[in-house]
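Overview (structure and organization)
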Amino acid sequence: MTIMPKPACACYSDFMRHLLLSLIAISAAFAAEPTTTTAQPYPLDKCVVSDEKLGSMGKPFIFKHEGQEVRLCCQECRKEFDTDPKKFLAKLASKPALPDKPSEAPSAPQGATIIKVLVDCMVCNFCATNIHKSFEKNPAVAYVYVNLKQKTILLTLKPSASVSDDEIRTVVTEAGFTPKEIKRTEGTFEKAKDDLKKGN
Amino acid sequence: MKPTTLIASLLGALSLEAQMVSAPGLGFLRAEYGDTYSYLETGYSFKGFRTLGLSAYSFDTGVGPSFEAEVASVNQLLKRWNGSNDQANVYAGIGLGRGRCGTRSGLAAAATLQADWEDRKWHIMLQEQAIFVPGGSRLASTLHLGWAPWLAEYDEWAPWVYWVIQHDNGLGGGVSHGPQLVLMYRDVLYEFRVMRSSNDYHAEAGLRLLF
């Protein structure tokens, strides 16, 4: 067997070859490290300025300050925060960190509400990626796990966050799939994952 | 390569060669490189399964003039059937841009129609594609027949073995076919194939990223 290279234009061809090799290297890094954190996650379920429960004043006002995610009950509290950021950041420093971004981190919270979503027609990795990333973008979701064999998505939520069944159905439908069943149970995310892998 | 070609390549997209995928809210990057063609595409899928992007494409069988195009495109998922364990899709795409064939250059136009069906074990995809540039055109029909030797999970390497058959009515002409290995891991897909045409072989490699 002989392979006969016949590039249309040597520079174009070389460019594409080098580009592809670079992309393969970059994508390998993506594959090895699927999730990243860009800021310290906000550890409280209440506004660090007013102590009001997040969500009680409508959608929380979220921003980053010197690498720290900050969640306030409303935009008005930002003014007070800006008068003395160090004072408020000190309140956060003493609290254990909760995840900034949904992931499949092994240290998922204990005793959380686990949401199991059964989805039809989720047949390949890109289907799973599509749904996984769609839920990752939901600010209420702490962790996502997708199991293709069981056609199931596991979700757990951030403290004080809530997601209705209708919202979950919308996410799945907008990603192009058919939600079949949504179940909520109490337990640990890791156990729910293991059970799913075992086919339970 | 002209600076505009380089910029278009880097900006990147239309499904000229590779399979169309629509993942609303996600961006994607595709690159393929072979002895006879190279291809780069990047884009973003919006709600409603409409994908916008840019692509750069180069094709040369060694028979007749070379062929290059940079195209801005829109792809649309026309219909999806969701079964319990399978899925079928029909996509269409059109694009406009600049192209060159030999020494001539000017407006380029492209159109693609694709139908596919897959379950976790089998995948069939048929794609009809037309690209027009001044002085030449390429009309290609491509059939992908895929089989998964085992069923991998989302966080495992998922292998697929394909047989690809392509009939090209345009530049270079003729039928080519050959095996293709696809490896998927989470949001990355690698593909390698060797295509046999009437008188020689062509090796091609590619990747796709969802982000």
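Note that the structure is a prediction, hence the values are computed from the model and not measured.

Some words on the overall build of chain A
Within chain A one finds 6 helices and 6 strands. Relative to its full complement of 200 residues, chain A shows a buried share of 33%. Taking the contacts inside chain A whose residues are at least 6 apart along the sequence as the reference set, 67% of them involve residues at least 24 apart.

What about the overall build of chain B?
Secondary structure summary: chain B contains 1 helix and 12 strands in total. Reading the secondary structure of chain B in the N-to-C direction produces α-β-β-β-β-β-β-β-β-β-β-β-β. Expressed as a percentage of its 211 residues, the buried residues of chain B come to 47%.

Re the confidence of the model for chain A
Looking at chain A as a whole, the pLDDT averages 76, with 71% of positions reaching at least 70. In this model residues 105-109 of chain A is a low-confidence stretch, pLDDT under 50, and it forms 10 contacts with partners more than four residues away in sequence or in other chains.

So, the sheet that holds strand β11 (residues 188-196) of chain B
Residue and element names in this part refer to chain B. Spatial strand order, β1-β2-β3-β4-β5-β6-β7-β8-β9-β10-β11-β12: 12 strands in a closed barrel with antiparallel pairing. Averaged over neighbouring strand pairs, the angle between their axes works out to 15° when direction is ignored. By the bridge criterion, 7 bridges tie strand β1 (residues 27-34) to strand β2 (residues 37-46) in an arrangement that is antiparallel. Across the sheet, F28 pairs through a bridge with G43, a residue of β2.

So, the sheet that holds strand β3 (residues 112-120) of chain A
Each strand in a sheet pairs with its neighbour through backbone hydrogen bonds, running either in the same direction (parallel) or in the opposite one (antiparallel). Residues and elements named next belong to chain A. The 4 strands lie next to each other as β4-β5-β3-β6, forming an open sheet whose pairing is antiparallel. The outermost strands of the open sheet, each flanked by one partner alone, are β4 (141-147) and β6 (178-187). Averaged over all pairs of adjacent strands, the angle between strand axes in this sheet comes to 20°, irrespective of strand direction. Note: β3 against strand β5 (residues 152-157), 5 bridges, orientation antiparallel. Bridge pairing in β5 places L118 opposite T152. Where helix α5 (residues 165-174) meets the sheet, it contacts β3 and β6, and its direction lies at approximately 135° from that of β6.

Remarks on the pairing of strand β5 (residues 86-101) of chain B
Residue and element names in this part refer to chain B. Of the pairings in the sheet, the one linking strand β4 (residues 67-82) to β5 comprises 15 bridges and is antiparallel in character. Of the residues in β5, the one forming a bridge with A72 is L96. Between β4 and β5, which pair antiparallel one after the other, the connecting turn spans 3 residues. With 16 bridges connecting them, β5 and strand β6 (residues 104-119) associate as antiparallel partners. When the sheet's bridge partners are listed, V90 is paired in β6 with A115. Linking two consecutive strands that pair antiparallel, namely β5 and β6, is a turn of 2 residues; a positive phi of about 60° is found at G102 within it.

Examining the nonpolar core
Residue and element names in this part refer to chain A. Counting residues in hydrophobic clusters, the biggest one holds 63 residues, and the most contacted among them are M122, I131, I153 and L155. With 6 residues, β4 is the single largest residue contributor to this core. Excluding residues within four positions of it along the chain, I153 makes contact with V117, V119, I131, F135, V144 and V146. Of all hydrophobic cores here, the second largest spans 11 residues; its members include L72, C77, F81 and F88.

Quick look at unusual backbone geometry
Backbone geometry places S160 of chain A, a non-glycine residue, at a positive phi of 70°. Accessibility expressed as a C-beta count within 10 Å gives 15 for S160 of chain A, which makes it partly exposed. Although it is not a glycine, F49 of chain B adopts a positive phi angle of roughly 60°. Tracing the sequence through the fold places F49 of chain B in the loop between β2 and β3 (50-59). We classify F49 of chain B as buried; it has 20 C-beta atoms within 10 Å.

Digging into the confidence of the model for chain B
Residues and elements named next belong to chain B. In this model, chain B carries an average pLDDT of 83, and 87% of its residues clear a pLDDT of 70 or more. Mean pLDDT values for the elements of chain B range from 39 in helix α1 (residues 3-11) up to 93 in β6. Under a pLDDT of 50 for its full length, residues 1-17 has, in the predicted model, 49 contacts with residues more than four places off or in other chains. Across the interface, the model reports ipTM at 0.74; the global pTM reads 0.68.

What about the environment of G136 of chain B?
By the element assignment, G136 of chain B lies in strand β8 (residues 136-147). Note: C-alpha distance between G136 of chain B and G102 of chain B (34 residues apart in sequence) is 8.7 Å.

Points about the environment of I114 of chain A
All names here are of chain A. Its place among the elements puts I114 in strand β3. A count of 23 C-beta atoms within 10 Å places I114 in the buried class. C-alpha separation for the pair I114 and T156, spaced 42 residues apart in sequence, amounts to 5.1 Å. Contact partners of I114, with chain neighbours within four places excluded, come to L154, T156, T185, G187, F189 and A192.

Observations regarding the environment of L78 of chain B
All names here are of chain B. Along the polypeptide, L78 turns up in strand β4. According to the C-beta neighbour criterion, L78 is partly exposed, with 13 such atoms within 10 Å. Note: C-alpha distance between L78 and V90 (12 residues apart in sequence) is 5.5 Å.

Section: helix α4 (residues 125-136) of chain A
Think of an α-helix as turning once every 3.6 residues; residues three or four places apart then point the same way. All names here are of chain A. Its 12 residues place the ends of α4 16 Å apart at the C-alpha level, agreeing with the 16 Å of an ideal helix rising 1.5 Å per residue. Counting buried residues in α4 gives 10 out of 12 residues, a clear majority hidden from the surface. Burial in α4 covers these residues: N125, F126, C127, A128, T129, N130, I131, H132, S134 and F135.

Rules of the game
- Residues numbered from 1 in each chain as written.
- Chains lettered and ligands numbered in written order.
- Predicted model: local features only at pLDDT ≥ 70, side-chain atom pairs only at ≥ 80, totals over all residues.
- Helix = DSSP H or I, 4+ residues; strand = E, 2+ residues; numbered from the N terminus.
- Buried ≥ 20, exposed ≤ 12 C-beta atoms within 10 Å, placed from the backbone.
- Contact = placed C-beta atoms within 7 Å.
- pLDDT = per-residue confidence, 0-100.
- Pairing = 2+ DSSP bridges.
- Axes fitted to C-alpha atoms, helices over the stretch in contact; angles between N-to-C directions.
- Core = buried A, V, L, I, M, F, W, Y, C linked by C-beta atoms within 7 Å.
- Expected span 1.5 Å × (residues − 1).

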